[in-house]
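A look at the structure
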Amino acid sequence: MSAPPAPSKPSRRSRVRTPWDRLPFSVLPVSTIAEQCYCEHRVHLWLAAPGNMVSVPRSLERTQGAPMRQIAMAGAGADFHERASQDVGRVSVRELRNLIKHSPTVQVLESPLESEFGSLPIAGIPDAVCFEGGKVRCILEYKLTESNQLQMSHRVQLQLYGWLLQKSKFQHDDPLCVCVLVPTQNSPYLDELNTTDRQSLAATIHRIAREYVENKPEKINWYIKQVMLGTDFWVRIRIFRYSALVARRELRFFTPYWSGARKAIPSNNFRKCRLCQYNAIGKCKVAAGVYEGDLSCGEV
Ligand code: SF4
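Residues numbered from 1 in each chain as written. Predicted model: local features only at pLDDT ≥ 70, side-chain atom pairs only at ≥ 80, totals over all residues. Heavy atoms only, no water.

Focus: helix α9 (residues 244-259)
Our working definition: Strands here mean DSSP runs of E at least two residues long; helices mean DSSP runs of H or I at least four residues long; both are numbered from the N terminus. What a helix should span is 1.5 Å times the count of its residues minus one. The bend at a residue is defined as the angle formed between two axes, one fitted to the seven residues ending at that residue and one fitted to the seven starting there. Accessible area is worked out with a 1.4 Å probe on protein chains only. A residue is then buried under 20% of its type maximum, exposed over 50%, and partly exposed in between.
An ideal rise of 1.5 Å per residue puts 22 Å on 16 residues; α9 measures up with 22 Å between its terminal C-alpha atoms. Of all the bends in α9, the greatest, near 25°, is centred on Phe253, and the proline Pro256 appears no more than four residues after it. Considered for burial, the residues of α9 that qualify are Ala247, Glu250, Leu251, Phe254, Thr255, Tyr257 and Trp258. Backbone geometry just downstream of α9 places Gly260 in the positive-phi region, at approximately 85°.

Here it is, written out as structure tokens:
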């Protein structure tokens, strides 16, 4: 999601500025909380000089190779979201409520949601939400990736969208969280879809996910390695159930960092550290390993 520009926050010169004071947005985006899953210390380093992406230090934003490639990849994803939101025109929560009241099934694209956890305003824009009978049935998030893995960040992001929907007073009916992993080779198919196509895509993926889950009720996570959506257009999907308990637990864990109640936790995964660009430029003093990437070769 793209966060709204920051209004000026109250001056807090009398005390140490918290991460929340330094965040250059007026709300805490769910996507920034998702970044904490990867490495909270990296978010902390980013806050010292916030650039376009948490994963790319601002001083490297114009560096050819890995930094620019990473920004370009993120740009492709952002373009997709931007096109979707331009197509559909973002609807307010009030308009959305009206829409679902008058239609038995509704697929809503890119609708912004906001609520407070403690005194922290949290905001997010789920890629798609499927409503049936006025209730939330499925929350979808598209990720352009070669991986077949459900990252912790994806899981947290979807759970928090579920929480935002619930806080916005939308009733739930056993909502499924569906992470749609789109191989980059297939992203052009996604790009060509108009609003109606995207809504019917969300409905189709929800139907497939629901049937799969109902056929294997004993499981708590589901994976379909190839969902054919067109002649050459396929995706992988990872499915799990929304849980208000889990969502609140995640918020209780991640938000104390923003209030300054605890320090940022660094990753202890050397695989992440060996490719981290903050490690490459010597900004991280707690890396779990030396940098082994090559900024110039386009590795990310
Ligand atoms: S080097 Fe490791 S611990 Fe340091 S910011 Fe990067 S991922 Fe986090």
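Once you've had a look at it, read on.
Topic: the packing of helix α6 (residues 152-167) against α9
Let me state the cut-off plainly: The convention used is that axes are lines fitted to C-alpha atoms, helices contributing only their stretch in contact, and that angles between N-to-C directions extend from 0 to 180 degrees. Each angle gets one of four labels, with under 35 degrees taken as roughly parallel, over 145 as roughly antiparallel, 65 to 115 as roughly perpendicular, and the rest as oblique. A contact between two residues is defined here by any heavy atoms of the two lying within 4.5 Å. Polarity classes work like this: nonpolar for Ala, Val, Leu, Ile, Met, Phe, Trp, Tyr, Cys and Pro, charged for Asp, Glu, Lys and Arg, and polar for all others, with Gly in that last group.
At a minimum axis distance of 9 Å, the contact between α6 and α9 shows a crossing angle of 110°. In terms of orientation, α6 and α9 fall into the roughly perpendicular class. Along its contact with α6, which presents Val156, Gln159, Leu160, Trp163 and Gln166, the element α9 presents Ala244, Val246, Ala247, Arg248, Glu250, Leu251 and Phe254. In the contact of α6 with α9, the residues fall into eight nonpolar, two polar and two charged.

Regarding the sheet that holds strand β1 (residues 28-29)
Rules: If DSSP finds at least two bridges between two strands, the strands pair.
Strand order in the open sheet formed by three strands is β1-β4-β3, and the pairing between neighbours is mixed. Every other strand in the sheet has two partners, leaving β1 and β3 (113-117) as the edge strands with one partner each. Of the strands in this sheet, β3 and β4 (120-124) are in contact with α6, which crosses β3 at around 90°.

Here we look at the nonpolar core
Put simply, the rule reads: The nonpolar core is taken to be a set of buried Ala, Val, Leu, Ile, Met, Phe, Trp, Tyr and Cys residues, with the residues joined through side-chain atoms within 4.5 Å.
Ranked by size, the top nonpolar core spans 47 residues in total, and within it Ile122, Phe131 and Trp258 carry the most contacts. The element contributing the most residues to this core is α6, with seven residues. Ignoring any residue separated from it by four or fewer positions in sequence, one finds Phe131 in contact with Leu96, Ile100, Pro104, Thr105, Val106, Val108, Val136, Arg137, Leu165 and Phe170. Listed in part, the 24 residues of the second largest apolar core include Tyr142, Val182, Ala202 and Val227.

So, the sheet that holds strand β8 (residues 221-228)
In spatial order, the strands read β2-β5-β6-β7-β9-β8; together these six strands make up an open sheet with mixed pairing. Where the open sheet ends on each side, the last strands, each with one partner, are β2 (105-109) and β8. Direction aside, neighbouring strands of the sheet carry axes that sit 20° apart on average. Two elements, β2 and strand β5 (residues 128-132), share five bridges in a ladder whose sense is antiparallel. Within β5, the position partnered with Val108 by the bridge is Val129.

So, the packing of aromatic side chains
Short version of the rule: Classification of ring pairs uses Phe, Tyr and Trp, with its six-membered ring standing for Trp, and accepts pairs whose centres are within 6.5 Å; under 30 degrees between planes counts as stacked, over 60 as edge-to-face, and the remaining range as tilted. As a reminder, the over-ring test applies to NZ of lysine and CZ of arginine, requiring each to be within 6 Å of the ring centre and within 35 degrees of the ring normal.
Overall, the coordinates contain six aromatic pairs when judged by the stated rule. Ring centres of Phe25 and Trp46 lie 6.4 Å apart, and the angle between their planes is 40°; on these two criteria the pair is classed as tilted. Of this pair, Phe25 sits in the loop between α1 (19-22) and β1 while Trp46 is found in helix α3 (residues 40-48), placing the two residues 21 residues apart along the sequence. With 5.0 Å between their ring centres and 70° between their planes, Tyr257 and Trp258 make a pair best called edge-to-face. Pair check on accessibility: Tyr257 and Trp258 agree, each one buried. Here the basic side chain of Arg97 rests over the ring of Phe170, its NZ or CZ set 4.7 Å away from the ring centre. One residue, Arg262, lies across the ring of Phe253, its end atom 4.7 Å from the ring centre.

Concerning unusual backbone geometry
Even without a glycine there, the phi angle at Lys169 is positive, about 70°. With respect to the helices, strands and loops of the structure, Lys169 is situated in the loop between α6 and β7 (172-182). The exposure class of Lys169 is exposed, given its relative accessible area of 66%. For Asp174, which is not glycine, the phi dihedral falls at a positive 50°. Along the chain, Asp174 falls in strand β7. For Asp174, a relative accessible area of 33% corresponds to the partly exposed category.

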